[in-house]
Amino acid sequence: MKKLDVLLHIISVFVISFVFFQDAPAQSGADRVLINEANRITNDNFTVSTQTPKGAHIYSVNQPNSQMLNAIDKGLADLFAVAQKNKYQKRLNYSDYTIFIAKADRDKDINKNYSPDIAVGAAQYKGSVYDQGGFVYAAGMVLAYNPCAFVFAEHTKDFQRVSNVVRFEGEHLVLYHNDRKLYNKTADHSRGGGHPILK
Ligand SMILES: [Zn+2]
């Protein structure tokens, strides 16, 4: 009996390390850094990895449904269209984007409208009208510029809002890579200004 236990243990350790070994190459070093950053900011664990139908990379807390994934593609399509209108050429592929879907830290805004948002450290918004006591509620947040990455909250309805958030967070990334001057002017909303930036 004792011998069998030991054997089972060795087998299970072997299986676990084998699975880990198989998993490791699928995730690049850059992605691991991104996942850690998203985890640090949201306190969520992004255990699900998938892609949208058009090829954007997704990390999420729960398996996103097709409405979520299609809404993300729609937001990126809107972003790429307005970027092309402005003669921008860089980072206009779906696969250029890595998008994190976090848990919502609230479901409704102050006016009781459906508004799944994430709570993030106040930083430059400290003391502003957005400050909730050390944190602010954000519809989305840019995580990285290389690769282009941002995070927003899970939605169960109002998928047009998902498309808008994707397009709006994407604006900062497209501007960073195509029009640094306008990027610098519009990146910090605590000094006023919102979305859409690109017309
Ligand atoms: Zn913004």
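Cut-offs and rules
- Residues numbered from 1 in each chain as written.
- Predicted model: local features only at pLDDT ≥ 70, side-chain atom pairs only at ≥ 80, totals over all residues.
- Pairing = 2+ DSSP bridges.
- Helix = DSSP H or I, 4+ residues; strand = E, 2+ residues; numbered from the N terminus.
- Axes fitted to C-alpha atoms, helices over the stretch in contact; angles between N-to-C directions.
- Contact = placed C-beta atoms within 7 Å.
- Buried ≥ 20, exposed ≤ 12 C-beta atoms within 10 Å, placed from the backbone.
- Right-handed = clockwise from strand over helix to strand, strands pointing away.

1. Comments concerning the sheet that holds strand β3 (residues 97-102)
Item 1. Here we have five strands laid out as an open sheet, ordered β1-β2-β3-β8-β7, and mixed in their pairing. The open sheet has two edge strands, β1 (48-51) and β7 (140-144), and neither has a second partner. Strand-to-strand twist across the sheet, computed as the mean angle between neighbouring axes with direction ignored, equals 25°.
Item 2. Pairing analysis gives four bridges linking β1 to strand β2 (residues 57-60), with the strands arranged antiparallel. Residue pairing for β2: V48 is matched across the bridge by S60.
Item 3. Relative to the sheet, helix α4 (residues 159-178) contacts β7 and β8 (148-153), its axis offset from that of β7 by approximately 40°.

2. Things to note about unusual backbone geometry
Item 1. The amide bond that connects N146 to the next residue, P147, takes the cis arrangement and shows omega of 0°.
Item 2. Backbone torsion omega between H195 and P196 reads 0°, so that peptide bond is classified as cis.
Item 3. Topologically, P196 is positioned in the segment after α5 (180-186).

3. Let's talk about the pairing of β2
Item 1. Side chains H57 and Y59 of β2 all project onto a buried face; the interleaved residues I58 and S60 project onto the opposite face, where all are buried too.
Item 2. Counted along the chain from β1 to the antiparallel partner β2, the turn is five residues long, and its residue G55 has a positive phi close to 110°.
Item 3. Where β2 and β3 come together, four bridges link them in parallel fashion. Paired with Y59 across the strands is F100, a residue of β3.
Item 4. Regarding topology, helix α3 (residues 66-85) serves as the crossover connection from β2 to the parallel β3, and that connection is left-handed.

4. Points about the sheet that holds strand β5 (residues 114-121)
Item 1. Strand order in the open sheet formed by three strands is β4-β5-β6, and the pairing between neighbours is antiparallel. Two strands in the sheet have a free side with no partner beyond their single neighbour: β4 (106-108) and β6 (135-138). When the angles between neighbouring strand axes are averaged without regard to direction, this sheet yields 35°.
Item 2. Bridging between β4 and β5 involves two bridges; their strand directions are antiparallel. Of the residues in β5, the one forming a bridge with R106 is D117.

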